[in-house]
Amino acid sequence: MGSFTELFFNLQTLAEYWPIMLRGLGWTLLLAVIIVPMGLAAGMLIATLDFLRQRWLTPFLIAYVDFFRAFPPLVLLIFIYNGAPFLGVTLSPFMSVVVALTLNSAGYYGEILRAGLASIARGQMEAARSTGLSRLQALRHVIAPQALRNVLPELVSNTLELVKATSLASVVTLPELLRSARIVQGMAYNPTPLIAAALIYFLMLWPLVRLLSRLERRVAGH
């Protein structure tokens, strides 16, 4: 038991290299704080444009959503990081991750929000327009709040997956939490940092998991 603890739960190793782990956590949180709002905003734009029903635009929106939902985010990240220089654009590892995960998450957020808007009866829009509101004003003040409430569990679930996807940044050498843990593991010849990284992810995301469960029960109850 003592050798097991020393190998997988070595507090001395963790304390010695904790500053590196902490910096990695900082990168992970920074990525999440940037990518989640950007992906959500892009998804909202996609859903809004789809809701306005411009026939010439619809095929492009469908193509975007289908492509980025089907394209593996890891492959997309590698393609952007390694392929952009051939187009004359050099992106840092951080910007490559931001661009790749924003493009990917926008497809998922857009489809979720589109479904939310489609769940609202057309009579709601007609009733709002009859009060003198424009189509966009009716969307903002009447339709969108109801749509967001209908798909809130799906939005939380997608956000949860997106935060976990920030660990893909280790592929392009960005020292986020997972890569920092692997670096420390190599320095200390001990897997404790990886165990610590897993626990940090759990503690960071567990509140979102509980929130999602509560939202799902509430929606099911209604």
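None of these values were measured; they are calculated from a predicted model. (Residues numbered from 1 in each chain as written. Predicted model: local features only at pLDDT ≥ 70, side-chain atom pairs only at ≥ 80, totals over all residues. Heavy atoms only, no water.)

## Focus on the overall build of the protein
Part 1 of the argument: Across its full length, the protein carries ten helices and zero strands.
Part 2 of the argument: Sequence-ordered secondary structure for the protein, helices as α and strands as β, is α-α-α-α-α-α-α-α-α-α.
Part 3 of the argument: Seen through its C-alpha atoms, the protein measures out along the principal axes to roughly 70 × 50 × 25 Å.
Part 4 of the argument: Taking contacts inside the protein between residues at least 6 apart in sequence as the whole, the part at least 24 apart equals 75%. (Helix = DSSP H or I, 4+ residues; strand = E, 2+ residues; numbered from the N terminus. Contact = heavy atoms within 4.5 Å.)

## Topic: the nonpolar core
Part 1 of the argument: The biggest cluster of nonpolar side chains holds 36 residues, and the ones touching the most others in it are Leu-31, Ile-35, Val-97, Leu-117 and Ile-143.
Part 2 of the argument: Of all the secondary-structure elements, those providing two or more residues to this core are helix H2 (11-51), helix H4 (73-83), helix H5 (93-118), helix H6 (122-130), helix H7 (135-150) and helix H8 (152-165).
Part 3 of the argument: Tallying contributions element by element places H5 first for this core, with nine residues.
Part 4 of the argument: Leave out the neighbours within four places in its chain, and Leu-117 touches Ala-47, Thr-48, Phe-51, Leu-139, Ile-143, Ala-144 and Ala-147.
Part 5 of the argument: Within the second largest apolar cluster, ten residues are counted, among which are Met-21, Leu-25, Ala-181 and Val-184. (Core = buried A, V, L, I, M, F, W, Y, C linked by side-chain atoms within 4.5 Å. Buried < 20%, exposed > 50% of the residue type's maximum accessible area, 1.4 Å probe, protein only.)

## Describing the side chain of Thr-13
Part 1 of the argument: Relative to the elements of secondary structure, Thr-13 occurs in helix H2.
Part 2 of the argument: Setting aside residues up to four positions removed in sequence, Thr-13 forms contacts with Ala-188 and Asn-190.

## Quick look at a positive patch on the surface
Part 1 of the argument: On the surface, Arg-210, Arg-214, Arg-217 and Arg-218 cluster together into a positively charged patch.
Part 2 of the argument: Residue position: Arg-217 is located in helix H10 (residues 192-221).
Part 3 of the argument: We classify Arg-217 as exposed; its relative accessible area is 51%. (Patch = residues over 30% accessible without salt bridge, like charges linked within 9 Å, V, L, I, M, F, W, Y side chains within 5 Å. Areas by Shrake-Rupley, 256 points an atom, 1.4 Å probe, with all protein chains shown as cover. Salt bridge = Lys/Arg side-chain N within 4 Å of Asp/Glu carboxyl O. Lys, Arg positive; Asp, Glu negative; His and termini not counted. Charge placed at Lys NZ, Arg CZ, Asp CG, Glu CD.)

## Here's the deal with the UniProt feature "transmembrane region" (unreviewed entry) in the protein
Part 1 of the argument: The UniProt record marks residues 20-49, 61-81, 87-109 and 188-209 with the feature "transmembrane region" (unreviewed entry), using the residue numbering of this structure.
Part 2 of the argument: Taken end to end, residues 20-49 comprises 100% helix and 0% strand; its first and last C-alpha atoms sit 44 Å apart.
Part 3 of the argument: Across residues 87-109 one finds 74% helix and 0% strand; the C-alpha atoms that close the span lie 28 Å apart. (UniProt positions renumbered as here; feature names shortened; annotations may be inferred.)

## Describing the pattern of salt bridges
Part 1 of the argument: Enumeration over the complete set of coordinates arrives at two salt bridges.
Part 2 of the argument: Glu-111 serves as the salt-bridge partner of Arg-114, at 3.0 Å between the closest nitrogen and oxygen. Of this pair, Arg-114 and Glu-111 both sit in helix H5, three residues apart, which is roughly one turn of that helix.
Part 3 of the argument: The class for Glu-111 is partly exposed, based on a relative accessible area of 24%.
Part 4 of the argument: A salt bridge links Glu-161 to Lys-164, with the shortest nitrogen-to-oxygen separation between them at 3.1 Å.

## Some thoughts on the UniProt feature "domain: ABC transmembrane type-1" (unreviewed entry) in the protein
Part 1 of the argument: The UniProt feature table records "domain: ABC transmembrane type-1" (unreviewed entry) at residues 25-213.
Part 2 of the argument: Annotated as 79% helix and 0% strand, the span residues 25-213 places its first and last C-alpha atoms 25 Å apart.

## Description of unusual backbone geometry
Part 1 of the argument: The phi angle at Thr-173 is positive, at roughly 65°, despite the residue not being glycine.
Part 2 of the argument: Relative to the assigned elements, Thr-173 resides in the loop between H8 and helix H9 (177-188).
Part 3 of the argument: The exposure class assigned to Thr-173 is partly exposed, which follows from its relative accessible area of 45%.
Part 4 of the argument: Although it is not a glycine, Tyr-189 sits at a positive phi angle of roughly 55°.
Part 5 of the argument: Its location among the elements puts Tyr-189 in the loop between H9 and H10.

## Some details on the environment of Tyr-81
Part 1 of the argument: Within the secondary structure layout, Tyr-81 lies in helix H4.
Part 2 of the argument: Residue class for Tyr-81 comes out partly exposed when judged on its relative accessible area of 27%.
Part 3 of the argument: Separated by ten residues in the primary sequence, Tyr-81 and Leu-91 place their C-alpha atoms 6.5 Å from one another.
Part 4 of the argument: In this view, Tyr-81 contacts Leu-91, Ser-92, Pro-93, Ser-96, Val-172 and Thr-173; residues no more than four positions away in its chain are not counted.

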